[in-house]
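Below, each chain spelled out in residue letters.
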Amino acid sequence: MTGDHSSKQYDSDLEAIRSKVLAMGGQVEHQFHDAISAFRTGNIEVAKRVMKDDEAVNRLEVELDDACSHLIVRRQPTANDLRTVMATIKIITDLERVGDEATKIARTAIHLHKRGVGLISHYETVSLIAEQASEILRSALDAFARLDDKQALELIKQDASIDHGFRQITRSLITFMMEDPRTISGSIDTLWVAKAIERIGDHAKNIAEYVVYVVGGKDIRHTDFGSAKAADEEED
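Residues numbered from 1 in each chain as written. Predicted model: local features only at pLDDT ≥ 70, side-chain atom pairs only at ≥ 80, totals over all residues. Heavy atoms only, no water.

Caption draft 1: Fine view of the overall build of the protein. Helix and strand counts for the protein stand at 7 helices and 0 strands. When its helices and strands are written in sequence order, the protein yields α-α-α-α-α-α-α. Residues counted as buried form 44% of the 236 residues belonging to the protein. Summarising the internal contacts of the protein: among those between residues at least 6 apart in sequence, 82% fall at separations of at least 24. (Helix = DSSP H or I, 4+ residues; strand = E, 2+ residues; numbered from the N terminus. Buried < 20%, exposed > 50% of the residue type's maximum accessible area, 1.4 Å probe, protein only. Contact = heavy atoms within 4.5 Å.)

Written out as structure tokens, the structure reads:
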């Protein structure tokens, strides 16, 4: 009876943490959306709100890390339970870093606005990968909420398109700067934004990889995820 009660309490504690992690995910999604909006429109107030919201995200990271540490100490989880807690801690870190990247985008929007550099053309340069990164982040959080490793594996593939888009943007901006030195300042700022977006895609991909790890116990970081998937199908 004691063991059963302890197990139920562990499940309850873990679910409470998961709920807060998903709420944190919602916050950073909104933060990213606002950052891109500020970059597109030059709205200083929205950009400042993004930077202010990052403080709340940072506090959530500390709070959730502490909750996970206490859960390990109190419940002493083993095997899959411990794997779930450790993966959750890593997901919390990735979400906090998404918030950091959104803050960088907001700062760049303010910088461009103060220098009187037009924003619309710069936004169009990164709009596609911004939409892709937003979708991958949303899907990664959904996969975590439902512990859907198949969805996680599918969205991992999509990160390659963001990487490809970033390389294209880099080549285009270099060409612009070489052809017209007057574009150098704005192009460099746009490149920083593109890099921040590409990093957000990477963090979303990390979250998806942790979902696969929690569900199947297979660590596919730094590996060919397609091979990992094929191995799973052969085992089935």
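Structure shown, so let's carry the discussion forward.
Caption draft 2: Region of the structure containing the nonpolar core. Counting residues in each nonpolar core, the largest one holds 64 residues, and the members touching the most others are Val21, Phe39, Leu95, Ile105, Val126 and Ile197. Of all the elements in the fold, those that place two or more residues in this core are α1 (2-41), α2 (44-75), α3 (79-114), α4 (120-146), α5 (149-179) and α6 (184-216). Discounting chain neighbours no more than four positions away, the residues touching Leu95 are Val21, Met24, Gly25, Val28, Leu141 and Ile207. (Core = buried A, V, L, I, M, F, W, Y, C linked by side-chain atoms within 4.5 Å.)

Caption draft 3: Looking closely at the side chain of Thr108. Following the sequence through the fold, Thr108 ends up in helix α3. Beyond its immediate sequence surroundings of up to four residues, Thr108 is in contact with Phe39, Asp189 and Val193.

Caption draft 4: Looking closely at α2. When the terminal C-alpha atoms of α2 are compared, their 47 Å separation across 32 residues agrees well with the 46 Å that a helix rising 1.5 Å per residue should span. When α2 is considered as a whole, its buried residues turn out to be Ile44, Val46, Ala47, Val50, Asp54, Val57, Leu60, Glu61, Leu64, Cys68 and Leu71. The distance from a side-chain oxygen at the start of α2 to the backbone nitrogen of Glu45 is 3.0 Å, and the residue carrying that oxygen is Asn43. Just downstream of α2 lies Gln76, where phi reads positive at about 45°. (Expected span 1.5 Å × (residues − 1). Polar contact = N/O pair within 3.5 Å; in protein donor to acceptor, adjacent residues only side chain to side chain.)

Caption draft 5: Just the packing of α2 against α3, in detail. One can describe the packing of α2 onto α3 by two numbers: an axis separation of 9 Å at closest approach and a directional angle of 165°. With respect to each other, α2 and α3 are oriented roughly antiparallel. The element α2 and its partner α3 pack so that their crossing is left-handed. Partitioning the contact of α2 with α3 into residue classes produces 17 nonpolar, 6 polar and 7 charged. (Axes fitted to C-alpha atoms, helices over the stretch in contact; angles between N-to-C directions. Parallel < 35°, antiparallel > 145°, perpendicular 65-115°, else oblique. Left-handed = near helix turned anticlockwise from the far one by under 90°. Nonpolar A, V, L, I, M, F, W, Y, C, P; charged D, E, K, R; others polar.)

Caption draft 6: Region of interest: the packing of α5 against α6. Across the interface, α5 lies against α6 with an axial gap of 9 Å and an inter-helix angle of 165°. Regarding the angle of α5 to α6, the classification is roughly antiparallel. Of the two possible hands of crossing, α5 and α6 adopt the one that is left-handed. Broken down by class, the residue content of the contact of α5 with α6 amounts to 19 nonpolar, 4 polar and 8 charged.

Caption draft 7: Broad picture of unusual backbone geometry. One non-glycine residue with positive phi stands out, namely Gln76, at about 45°. For Gln76, the location among the structural elements is in the loop between α2 and α3. By relative accessible area, Gln76 is classed as exposed at 60%. Residue Leu147 is not a glycine yet carries a positive backbone phi of 50°. Of note, Leu147 is situated in the loop between α4 and α5.

Caption draft 8: Expanded view of the packing of aromatic side chains. Going through the model one piece at a time under the given rule, you end up with 0 aromatic pairs. Note that Arg18 overlies the ring of Phe144, its terminal NZ or CZ placed 4.9 Å from the centroid. Arg40 extends its terminal NZ or CZ atom over the ring of Tyr123, reaching a point 5.9 Å from the ring centre. (Phe/Tyr/Trp six-rings, centres within 6.5 Å; stacked < 30°, edge-to-face > 60°. Lys NZ or Arg CZ within 6 Å of the ring centre and 35° of its normal.)

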